[in-house]
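Chains, contacts and geometry: an overview
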Amino acid sequence: MEEEARLSIYRAARTIKRRENTLYNALRSIYDDSIFVGEIAQLWPELPLVANLRCGLWYSPKFHSTCYFKSTDGHTGNWSFNTSRLNLHVAHLAGQKGGCIVVDSTRKGKRFPDSMSKTIPIWTCVFNRAIANHKRRMQDNVKLINEEPNMCDEHSREWDSSLHLPLWVSKTEKASIETRLEEWTKDLELSGVDIASLSSSLKKPLRPLWISQKTVIWLNEVPDHDSWDFTPIILLSASSSTGLIQHRSSEFSWNYIPGAGDDEESWARGLSPELFWNNVYDVINSGPDVCNQKVANMVEKDRVYRAQRGQNAPQITVKPQKSTDSSCVESALSLDGLDVKNGIRFSEADNTVYWLGTTNIAVGSALAAANTTSVDCILNCGQNSISVDHLKPKAYLHLPTLNSKFDRFSLRNNLAPAVNFAKLNLSNGNGLLVCCHDGEDISVCVCLAVLTALFDEGGTFDDGKSFSEMHITKLDMRRRLVFLCEFATKARPSRGNLKQVFSFVSEGGDSLLSIYPE
């Protein structure tokens, strides 16, 4: 009896949560929070706005760039500095513009997600320490040559490489993090990052600042970002930390959801941030009663629009909720006879192709591959084939590859033919484009396997010679990944796919090269 009562309470709580976390509540909350983000961005209009993927991307209609700092790297006791997520482009961007504003949010009742409380502060500190070490080595070299004191010596000592954490992180936790900074700095220095370039880009050390909706800012005393003796990384938490608040207007009421942009798979119903912002007023003014229908129409029209242009456009399926409006949800997915050209502004996928230095290899999305004519051959690792009429038949290879979440060996099984195709084309001087659905994960991992198997550590094609003479370690692969990410700034390889690449390359040169006859 007691157990049944507990189950009834649990079901009731779940039902209440479902009713509160509606699509309209989420989108209206995001819209209200975006006003705050816009106000803060206007205080420092020269600083670029950067979205921390994926949650942060919902909170403004326009971002200068994106980044990928994971909250799990800042969880208590699990602190990490991950060289597969270096976000080098953010450091260079901050150096060029004098700082940047990073936008993120959290649902957990905290003012800031752990990505802002600890992950990014650790990142800034490790970068500052590596730059300080580099400056010190350069000054020691100058002293040896000139045997005179160097003017930069004092500047090096002033380069702040201490750990700056927010006040709510305990002194005990800060001390524990500080014991690992030296190890993380060595990891960065061994990863092959061009610290000299980073040092010349940053005139002042990086330092995080925290702003939330509870932060008090005197508008007549806002400092210019150039006045600080550091390069500010302003960490802007978009949402209020207050729990659910009901808002009422003359037309309808809605509940505010903190961090509504988080975990979009559970609520967005196929809606993307770009599609939302292209049609924001239409969605917000529709009200909670017809929002689901409005969004379903919008998503399907956008899908048909993209499919007609040869883009990847899978059918969106939404699991009906166990509530009174489930019939409305199901009917919203019956959209035959839509007028695709009427009613909405469509989303435009990323057409960027990222060339990896002088390797003659590029990485990009399937859409980018379908629209480019500047490559000689294409290796498509996405689920859907693309139109490549301008290429010769042997210049296109389609290897449908599933993400590691769905198949732990799909990528591993496709790497041998992928590397073989790359070898045949690169040895003939052909430019190779590797693509997948979004150009961020699977295609990046395939490029990593190609760079490891067919190129030396300096990024020069050697037909697998150096690979056959060495045993690949995780450090070797990490250095190549860092090299790749310096050019492909949107790369976000998943851990599961990276493990499959390492499994492939760590088998050894002889066993791999026997696949590829001379």
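Above: the structure in question.
So, how was this worked out
Residues numbered from 1 in each chain as written. Predicted model: local features only at pLDDT ≥ 70, side-chain atom pairs only at ≥ 80, totals over all residues. Heavy atoms only, no water. Helix = DSSP H or I, 4+ residues; strand = E, 2+ residues; numbered from the N terminus. Areas by Shrake-Rupley, 256 points an atom, 1.4 Å probe, with all protein chains shown as cover. 1 Å grid on protein atoms, 1.4 Å probe; cavity = no way out; pocket = protein on both sides within 12 Å on 5 of 7 lines; lining within 4 Å. Points joined across faces, edges and corners; volume = space filled by probe spheres on them. Nonpolar A, V, L, I, M, F, W, Y, C, P; charged D, E, K, R; others polar. Axes fitted to C-alpha atoms, helices over the stretch in contact; angles between N-to-C directions. Parallel < 35°, antiparallel > 145°, perpendicular 65-115°, else oblique. Left-handed = near helix turned anticlockwise from the far one by under 90°. Contact = heavy atoms within 4.5 Å. Buried < 20%, exposed > 50% of the residue type's maximum accessible area, 1.4 Å probe, protein only. Pairing = 2+ DSSP bridges. Salt bridge = Lys/Arg side-chain N within 4 Å of Asp/Glu carboxyl O.

Here the focus is the overall build of the chain. Per the secondary structure count, the chain includes 19 helices and twelve strands. For the chain, the computed accessible surface area is about 25,600 Å², with 50% contributed by carbon and sulfur atoms.

This part is about the layout of surface pockets. Using a probe with the size of a water molecule, rolled over the atoms, empty space left in the structure can be pinpointed. Space inside the second largest pocket adds up to approximately 350 Å³. Around the second largest pocket sit 20 residues that line it, and P208, L209, W210, I211 and T215 are the ones nearest its centre. Ranked by the residues each element gives to the lining of the second largest pocket, the list is headed by strand β4 (residues 206-211), at five residues. Per-class residue counts for the lining of the second largest pocket are 15 nonpolar, two polar and three charged.

Quick look at the packing of helix α14 (residues 410-426) against helix α15 (residues 442-454) now. Where α14 meets α15, the closest approach of the two axes is 9 Å, and the angle between their N-to-C directions is 60°. Considering the angle they form, α14 stands oblique to α15. Helix-helix and strand crossings are classified by hand; for α14 and α15 the assignment is right-handed. Every residue of α15 that contacts α14 at L411, L415, A418, V419, A422, K423 and L426 is listed here: I442, C445, V446, A449, V450, A453 and L454.

Our focus in this paragraph is unusual backbone geometry. The residue after L53, namely R54, is reached through a cis peptide bond having omega 0°. Within the secondary structure, R54 sits in the loop between β1 (49-52) and β2 (65-67). Positive phi values are uncommon outside glycine, yet N87 reaches one of about 50°. Position of N87 among the secondary structure elements: in the loop between β2 and α3 (88-97). Residue N87 is classed as buried on the basis of its relative accessible area, which comes to 8%. Non-glycine residue N360 carries a positive phi angle of around 75°.

Another aspect to go through is the sheet that holds β4. The strand order β2-β1-β3-β5-β4 describes an open sheet built from five strands, whose pairing is parallel. Here the strands that pair on one side only, and so sit at the sheet edges, are β2 and β4. Geometrically, the sheet is characterised by an average inter-axis angle of 30° between neighbouring strands, direction not taken into account. With three bridges joining them, β1 and strand β3 (residues 100-104) adopt parallel strand pairing. In the strand pairing of β3, V50 is matched with V102.

A few words now on the pattern of salt bridges. Pairing of side chains with opposite charge becomes possible as their charged atoms draw close. One pass over the full model with this rule turns up 13 salt bridges. Between D463 and K423 there is a salt bridge, and its shortest N-O distance comes to 4.0 Å. Separated by 40 residues along the polypeptide, D463 in the loop between α15 and α16 (465-468) and K423 in helix α14 bring together distant segments of the chain. Relative accessible area serves as the criterion here: at 26%, D463 is assigned to the partly exposed category.

All chains considered together, the criterion is met by four cavities of 30 Å³ or more. Roughly 70 Å³ of internal volume is contained in the second largest cavity. Along the walls of the second largest cavity sit Y68, F69, K70, D73, S80, F81, N82, R85, N87, T119, I122 and W123, which together make up its complete lining. A per-class count over the lining of the second largest cavity returns five nonpolar, four polar and three charged.

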